[in-house]
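Chain residues, written in single-letter form:
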Amino acid sequence: MTPVDAQRNLSPGPPAALVPVLVFLAVLVAVISSLGAPLVPAIAAANDVSVADAQWSLTIALLVGAVATPVIGRLGDGRHRRTVVLVVLAVVLAGSVLAALPLGLGWLIAGRGLQGVGMGLTPLAIATARTALSGERARTTVAALSVTVAAGVGLGYPLTGAIAELGGIHAAFWFGAAASAVALVAAAVVYPPSGDVPPRRLDLLGAALLGTGLATALLALAEGESWGWTSPAVLGLAAVALVALACWVVWQLRAPAPLVDLRLARGRDAATAHGTALLAGLSNYLLLASVPRLAQEPESAGGFGTSIVVAGLVLLPFSLASFAASRVAARLDRSHGPRVVLPLAALVLGTGQLLFALLRDELWQLFLASTVVGLGVGTMFAALPGLIVRAVPTSETGSAMSLNQVLRYVGFSLGSALSATVLEAATPAGSAFPAGSGYTTIGLIGVGACVAVGLLTAVLPTRTPRRPREGAAVEAADAGVAPHGPAR
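On a predicted model such as this, the values are computed, not experimentally measured, just so you know. (Residues numbered from 1 in each chain as written. Predicted model: local features only at pLDDT ≥ 70, side-chain atom pairs only at ≥ 80, totals over all residues. Heavy atoms only, no water.)

Some details on the overall build of the protein
- For the protein, the helix and strand inventory stands at 19 helices and zero strands.
- By the burial criterion, 54% of the 488 residues in the protein qualify as buried.
- Restricting the contact set of the protein to residue pairs at least 6 apart, pairs at least 24 apart contribute 80%.
- With the model as given, the accessible surface of the protein reaches about 18,700 Å², and the carbon-plus-sulfur share is 68%. (Helix = DSSP H or I, 4+ residues; strand = E, 2+ residues; numbered from the N terminus. Buried < 20%, exposed > 50% of the residue type's maximum accessible area, 1.4 Å probe, protein only. Contact = heavy atoms within 4.5 Å. Areas by Shrake-Rupley, 256 points an atom, 1.4 Å probe, with all protein chains shown as cover.)

Thoughts on a nonpolar patch on the surface
- Taken together, the side chains of L101, L103, W107 and W174 define a hydrophobic patch exposed on the protein surface, amounting to about 400 Å² of accessible area.
- Looking at the secondary structure, you find W174 in helix α10 (residues 169–190).
- Note on W174: relative accessible area 41%, which makes it partly exposed. (Patch = residues over 30% accessible without salt bridge, like charges linked within 9 Å, V, L, I, M, F, W, Y side chains within 5 Å. Salt bridge = Lys/Arg side-chain N within 4 Å of Asp/Glu carboxyl O.)

Concerning the packing of aromatic side chains
- This structure, assessed with the given rule, holds three aromatic pairs.
- Geometrically, the ring pair formed by Y285 and F412 is tilted, given 4.8 Å between the ring centres and 45° between the ring planes. Residue Y285 is found in helix α13 (residues 268–296), and its partner F412 is found in helix α17 (residues 397–425); the two are separated by 127 residues along the sequence. Residue Y285 shares its accessibility class with F412, and that shared class is buried. (Phe/Tyr/Trp six-rings, centres within 6.5 Å; stacked < 30°, edge-to-face > 60°.)

Looking at the environment of P41
- Looking at where P41 falls in the secondary structure, it is placed in helix α3 (residues 40–47).
- Overall, the relative accessible area of 15% leaves P41 in the buried class.
- When the C-alpha positions of P41 and Q296 are compared, they lie 7.5 Å apart, and in sequence the two are 255 residues distant.
- Leaving out residues up to four positions away in the same chain, P41 has contacts with R293 and Q296.

Quick look at the pattern of salt bridges
- If you walk through the whole model with that rule in mind, you get one salt bridge.
- One salt bridge in this structure joins E297 and R293, with 3.6 Å as the shortest N-O distance. Take E297 and R293: they sit in the same class, and that class is buried.

Things to note about the confidence of the model for the protein
- Put simply, the protein has an average pLDDT of 83, and 87% of its residues get 70 or more.
- Per-element mean pLDDT across the protein ranges from 39 in helix α1 (residues 3–10) up to 94 in helix α7 (residues 105–116).
- Note that residues 1–11 has pLDDT below 50 and, in this model, two contacts with residues that lie over four places away or in other chains. (pLDDT = per-residue confidence, 0-100.)

Describing unusual backbone geometry
- The phi dihedral of D48 is positive, around 55°, even though this residue is not glycine.
- If you trace the backbone, D48 turns up in the loop between α3 and α4 (51–54).
- Overall, the relative accessible area of 73% leaves D48 in the exposed class.

Section: the packing of α13 against helix α14 (residues 308–336)
- For the pair α13 and α14, interaxial distance at closest approach is 8 Å and the crossing angle is 150°. For the crossing formed where α13 meets α14, the hand is right-handed. Residues N284, L288, V291, P292, A295 and Q296 of α13 form the contact with α14, whose participating residues are I308, A311, V314, L315 and F318.
- For the contact of α13 with α14, the per-class residue count stands at nine nonpolar, two polar and no charged. (Axes fitted to C-alpha atoms, helices over the stretch in contact; angles between N-to-C directions. Left-handed = near helix turned anticlockwise from the far one by under 90°. Nonpolar A, V, L, I, M, F, W, Y, C, P; charged D, E, K, R; others polar.)

Quick notes on the environment of V23
- For V23, the location among the structural elements is in helix α2 (residues 18–34).
- Residues V23 and A125, spaced 102 residues apart in sequence, show a C-alpha to C-alpha distance of 8.1 Å.
- The residues touching V23, leaving out its near neighbours within four places in the chain, are A144, L145 and T148.

Thoughts on helix α8 (residues 121–132)
- Its twelve residues place the ends of α8 16 Å apart at the C-alpha level, agreeing with the 16 Å of an ideal helix rising 1.5 Å per residue.
- Among the residues of α8, those classed as buried are L121, T122, L124, A125, I126, A127, T128 and A129. (Expected span 1.5 Å × (residues − 1).)

Topic: the packing of helix α6 (residues 81–100) against α10
- Taken N-terminus to C-terminus, the directions of α6 and α10 make an angle of 160°; their axes are 8 Å apart at the nearest point. Here α6 is positioned roughly antiparallel relative to α10, judged by the angle of their axes. Regarding α6 and α10, the two cross each other, and that crossing is left-handed. Residue-level inspection shows R82, V85, L86, L89, A90, V92, L93, S96, V97, A99 and A100 of α6 in contact with α10, the latter providing H170, F173, W174, G176, A177, S180, A181, A183, L184, A187 and A188. (Parallel < 35°, antiparallel > 145°, perpendicular 65-115°, else oblique.)

Here's the deal with α7
- In this model α7 runs 16 Å from its N-terminal to its C-terminal C-alpha over twelve residues, within 8% of the 16 Å that 1.5 Å per residue would give.
- What α7 keeps buried is the set L105, L108, I109, G111, R112, G113, Q115 and G116.

What to know about the environment of R130
- The residue R130 is located in helix α8 in this model.
- Here the alpha-carbon distance between R130 and T141, two residues eleven residues apart in the chain, equals 8.7 Å.

Observations regarding the side chain of T379
- Of note, T379 is situated in helix α16 (residues 363–391).
- Here the side chain of T379 touches L375 through a polar contact of 2.8 Å, landing on its backbone oxygen.
- Contacts of T379, omitting those with residues within four sequence positions, involve A325, A329, V341 and A345. (Polar contact = N/O pair within 3.5 Å; in protein donor to acceptor, adjacent residues only side chain to side chain.)

The following block contains the structure:
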């Protein structure tokens, strides 16, 4: 045995508690996500504001997640991954405490924005599992992380709803703060340092342009109904958004180390995958943001008058169905390819949206629509990574997945903001609740997005693409789970 071999054998392996800590980080992401849609009506009531204003408590976390995920991923690629994880957890803890304090809606939204930074934790946990673990243990841990996020969000909805029902919305956010504190302490004790990896340049200008463009676009979309679609404020915000996003695209195509490599969207297959992620994310959150609100509205206003717990339970079938569908879709994709799976997923997702648009007389119909939409979303997001892997060089798979994730989060943010805008437009003057036509419109917009996805994916090549390498296939599988939330 050489001295080098002896040193390798004497070097300590990863701590025994590393896997539980990584899984707990995924649980924390699920908790952050589950402090969203079901609590929006209660946040509006507690702060005496409109539900459209309270909707920002959901939208802001998704918006920050869209910008923060590639930034955190880039920072965590280098030798400072442990430090990045600890700083992110500290930010999430601060945001959780800020949201939990009874300081008013503005501070709650600010806290939720800080919580949204934590949506970049799961990709770092997956990267850590790949580098710190080996062999079958690495593969099973990566699978466990994906499963935890997928199932955890669905289980988190009724859990956080029950806490809010018993102790108020601030109790739910204190629960999030407690989970963040536990995660921070555990990571400080267990999380391993990264290897001596050369640092990568961070595209601060790209992050600033993306954040500015998305924030101003969502603000114009969310406030257009109340401010007036032709008001100087809305038109000015829209102009800033267009300029910022256009500059971001130009900069990403020219920057030596772009935040998100848009050049990987070239080609029909890659462009289809990224366009599908955006549209499917929008359709996804149109329902996730609307169903809990409808469930909690009083029966006199056309709702069902349920508690926050029941409203969370309505979303549980979505989470379970999306996870189950992602397992089946992976096999279907291997046998028939994305040209069959993606249009089929669009058909299923569109059917669920149509059910929501037309059938809302009984509570079980919301459960049914939630289940069908979950099946469609799970199938679609499980098939997208394989399409990306086939469309880009192996060395660019990670960057292409990052672009797809950013567009998915952008779709989530747009769906959340658009649902609030549509329902506000459907609310009669002097009423606190929208007419049923608003929910019908939301369902039909979702159907339209699915039709666009179906047309987009139906033109994929008929030939069978090259099979990805095993490592790339594993990476694709990692990115295709937990379609409803910030899993990657």
